[in-house]
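The chain contents come next:
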Amino acid sequence: MISKIIKVQNRAGIHARPAALIAQKSNNFSSEIFLCREDTKINAKSVIGIITMAAAYGTEITLTCDGPDEAEACEAIETIFNNKFEED
């Protein structure tokens with residue numbers, strides 16, 4: 001299992017388009033992928049779940065990947081966050 005703290009870097013935070021981008025990328029992997037914020041643990045393969053996190057600019061999220069392709073999954077999701085969801 002891999003865990004990393006990632007930060008929401010785009011000004012608009014996570015809304016529908018970034019949530020869909022995260023879920024689409026997550027669904028390319030067989031590993032379980034979760035986003036955790038405070039006491040909330042969300043399956044990263046669920047667009048609705050991601051949106052309900054209400055993660056604004058600067059929010060720190062713990063990314064957890066567990067499975068056969070966990071390293072690749074973690075890197076792919078971290079890259080999406082680092083690229084500011086291709087918005088800025």
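On a predicted model such as this, the values are computed, not experimentally measured, just so you know.

Calculation rules
- Residues numbered from 1 in each chain as written.
- Predicted model: local features only at pLDDT ≥ 70, side-chain atom pairs only at ≥ 80, totals over all residues.
- Heavy atoms only, no water.
- Phe/Tyr/Trp six-rings, centres within 6.5 Å; stacked < 30°, edge-to-face > 60°.
- Buried < 20%, exposed > 50% of the residue type's maximum accessible area, 1.4 Å probe, protein only.
- Lys NZ or Arg CZ within 6 Å of the ring centre and 35° of its normal.
- Core = buried A, V, L, I, M, F, W, Y, C linked by side-chain atoms within 4.5 Å.
- Helix = DSSP H or I, 4+ residues; strand = E, 2+ residues; numbered from the N terminus.
- Contact = heavy atoms within 4.5 Å.

Student: Mind showing me how you'd approach the packing of aromatic side chains here?
Tutor: For any two aromatic rings, the description comes down to two numbers: the centre-to-centre distance and the angle of the planes. Considering all chains together, one arrives at one aromatic pair under this definition. Between Phe81 and Phe85 the ring centres are 5.0 Å apart and the planes differ by 65°, which places this aromatic pair in the edge-to-face class. Each member of the pair Phe81 and Phe85 is classed as buried. Sitting over the face of the ring of Tyr57, Arg11 holds its NZ or CZ atom 4.2 Å from the ring centroid. Lying across the ring of Phe34, Lys41 places its NZ or CZ 4.5 Å from the centre.

Student: Got a minute to help me understand the nonpolar core in this structure?
Tutor: Across soluble globular proteins, you tend to see nonpolar side chains buried next to one another. Counting residues in each nonpolar core, the largest one holds 25 residues, and the members touching the most others are Ile14, Ile22, Ile61 and Phe81. Here this core takes six residues from helix H3 (residues 70-82), the largest share from any one element. Those residues in contact with Ile14, other than ones at most four positions away along the chain, are Val8, Ala19, Ile22, Ile50, Ala55, Ile61, Phe81 and Phe85.

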